[in-house]
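Secondary and tertiary structure notes
These are the residues of each chain, in order.
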Amino acid sequence: MSLTAGIVGLPNVGKSTLFNAITKQKILAANYPFATIDPNVGSVTVLDNRLDFLTDLYKPKRTIPTTFEFTDIAGLVKGASLGEGLGNQFLSHIREVDAICEVVRCFHEPNIVHVEGDIDPIRDIEIVNVELMLADLEVVQNRINRIGKKAAMTRDKLIAKEVNLLNILKDCLEQNQPIRTLKLTDEEEKIIKNFNLLTKKPIIYMANVAEEDLLKGTNQYVEKLKEYANIENAEVIVVSAKIESELAELDDLERQEFMNDLGLKESGLNKLIQATYKLLGLKTFFTVGKDEVKAWTFKNGMKAKACAGIIHTDFEKGFIKAEVMSYDDLKKLGNEIKVKEAGKLRLEGKDYLMQDGDICVFRFNV
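Residues numbered from 1 in each chain as written. Predicted model: local features only at pLDDT ≥ 70, side-chain atom pairs only at ≥ 80, totals over all residues. Heavy atoms only, no water.

1. Considerations on the overall build of the chain
When you go through the chain residue by residue, the secondary structure sums to 15 helices and 12 strands. Looking at the 366 residues of the chain, the share that counts as buried comes to 48%. Here the contacts in the chain between residues at least 6 apart in sequence split such that 69% fall between residues at least 24 apart. Surface exposure of the chain reaches about 18,900 Å², of which carbon and sulfur atoms provide 49%. (Helix = DSSP H or I, 4+ residues; strand = E, 2+ residues; numbered from the N terminus. Buried < 20%, exposed > 50% of the residue type's maximum accessible area, 1.4 Å probe, protein only. Contact = heavy atoms within 4.5 Å. Areas by Shrake-Rupley, 256 points an atom, 1.4 Å probe, with all protein chains shown as cover.)

Okay, here's the thing in structure tokens:
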């Protein structure tokens with residue numbers, strides 16, 4: 001299951017530096033706007049301590065953790081929705097991601113130019129968010145223009161329902177509110193799904209701070225950012241692009257020693273991945289054996305048959321049953337034999353709701 005979070009923000013806020021750090025790629029991170037034009041995609045490993053236990057138990061030939069993709073999208077500026085700064089091109093890149101990570105500059109550095117001249121995180125957020133809302137408003141208005149007359153002429157209930165919903169979205173956007181703040185029914189969610197609206201995507205704010213402020217965990221700009229994010233129930237992660245860059249150059253042991261010296265319990269990358277998983281409702285199931293121990297990502301609410309399809313489409317097409325035991329039971333009891341003896345190994349059907357930490361063997365026939 002390929003899921004992607006897009007890293008967005010104004011130019012020169014630290015997006016590309018953070019992207020380089022979390023994906024360990026070497027893309028251009030320059031002190032001028034639009035150093036990034038085409039989106040850069042990088043895959044990161046999702047750390048999961050459960051894999052260590054499973055690897056020790058099964059001693060497989062290989063262990064494969066799950067991964068998550070991040071896309072570095074060029075900096076947006078005022079007028080992006082009208083094409084400023086190649087804005088339409090950049091906005092199209094955002095439409096392709098599952099979640100948005102908006103990097104907000106919360107540090108002073110006279111040698112790094114700010115496109116607006118000074119540091120003001122709320123203004124910066126609103127510049128980006130307004131452009132996303134204007135782009136959505138254009139999509140919604142165009143759809144209303146296209147089907148509005150048809151709804152009036154045909155009295156088609158489905159079209160009338162869509163027009164009514166579109167007008168609700170239009171009012172929301174015109175009141176400077178992102179669509180994700182609306183509480184929509186499952187039916188309404190299906191209606192607007194194909195519109196791929198930018199402000200419907202879940203968002204995380206990443207406060208990029210100086211090293212000394214990272215150690216404190218906050219500064220005056222971060223506090224203002226948290227107040228703003230709280231309005232739309234969004235999470236704020238405090239990171240230092242500079243420190244993340246330094247951590248990315250170290251091996252595991254050196255990285256842990258450096259973090260200990262700084263008094264950091266976990267890296268910004270780990271905090272970001274955990275927050276993104278929570279935001280998108282992602283969970284993990286495992287497949288185990290002598291050849292391979294592997295982690296797989298699925299969305300909360302997925303059933304056994306659909307999860308089998310994540311491994312291979314044939315598994316889903318010919319699904320029969322799933323042998324399931326929980327990671328917690330396996331760790332507590334020590335091995336599969338004891339799990340079976342305790343009656344904790346189950347056979348589940350296609351409608352079984354998968355749980356985080358399930359260890360599965362899928363039976364299928366095609």
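Anyway, onward from the coordinates.
2. Observations regarding the sheet that holds strand β7 (residues 235-239)
The 6 strands are arranged β2-β4-β1-β5-β6-β7 in an open sheet whose pairing can be described as mixed. Each edge of the sheet is formed by a strand with only one pairing partner; in this case those strands are β2 (40-45) and β7. Mean inter-strand twist for the sheet, computed between neighbouring axes without regard to direction, equals 25°. Sheet topology note: the β2/strand β4 (residues 67-72) ladder contains 6 bridges and is antiparallel. Residue pairing for β4: Gly42 is matched across the bridge by Phe70. The strands touched by helix α8 (residues 220-231) are β5 (99-105), β6 (203-208) and β7; relative to β6, the strand with the most contacts, the crossing angle is about 170°. (Pairing = 2+ DSSP bridges. Axes fitted to C-alpha atoms, helices over the stretch in contact; angles between N-to-C directions.)

3. Some points on the side chain of Glu162
Residue placement: Glu162 occurs in helix α5 (residues 157-174). Taking relative accessible area as the criterion, Glu162 reaches 12% and is therefore assigned buried. Discounting chain neighbours no more than four positions away, the residues touching Glu162 are Arg143, Ile147, Ile191 and Phe195.

4. Examining α5
Given 3.6 residues to a turn, an α-helix orients residues that are three or four positions apart in the same direction. Its 18 residues give α5 an end-to-end C-alpha distance of 26 Å, which sits within 8% of 26 Å, the value for a rise of 1.5 Å per residue. Looking at α5, one finds that the buried residues are Ile159, Glu162, Val163, Leu165, Leu166, Leu169, Lys170, Cys172 and Leu173. Where α5 is buried, its residues meet α4 (121-154) and α6 (186-192). Positive backbone phi, at 65°, marks Asn176, one or two positions downstream of α5. (Expected span 1.5 Å × (residues − 1).)

5. Side note on the pairing of β5
The element β5 is extensively covered by neighbouring structure, given that 7 of its 7 residues are classed as buried. Covered by surrounding structure in β5 are Ala99, Cys101, Val103 and Arg105 together with Ile100, Glu102 and Val104, the residues of both alternating faces. Pairing geometry for strand β1 (residues 4-8) and β5, over 4 bridges, is parallel. Residue pairing across strands places Gly6 opposite Ile100, the latter belonging to β5.

6. A closer look at unusual backbone geometry
Unlike most non-glycine residues, Asn196 shows phi in positive territory, near 50°. Mapping Asn196 onto the fold places it in the loop between α6 and β6. Although it is not a glycine, Asn233 sits at a positive phi angle of roughly 60°. With respect to the secondary-structure elements, Asn233 resides in the loop between α8 and β7. What makes Asn233 exposed here is its relative accessible area of 72%.

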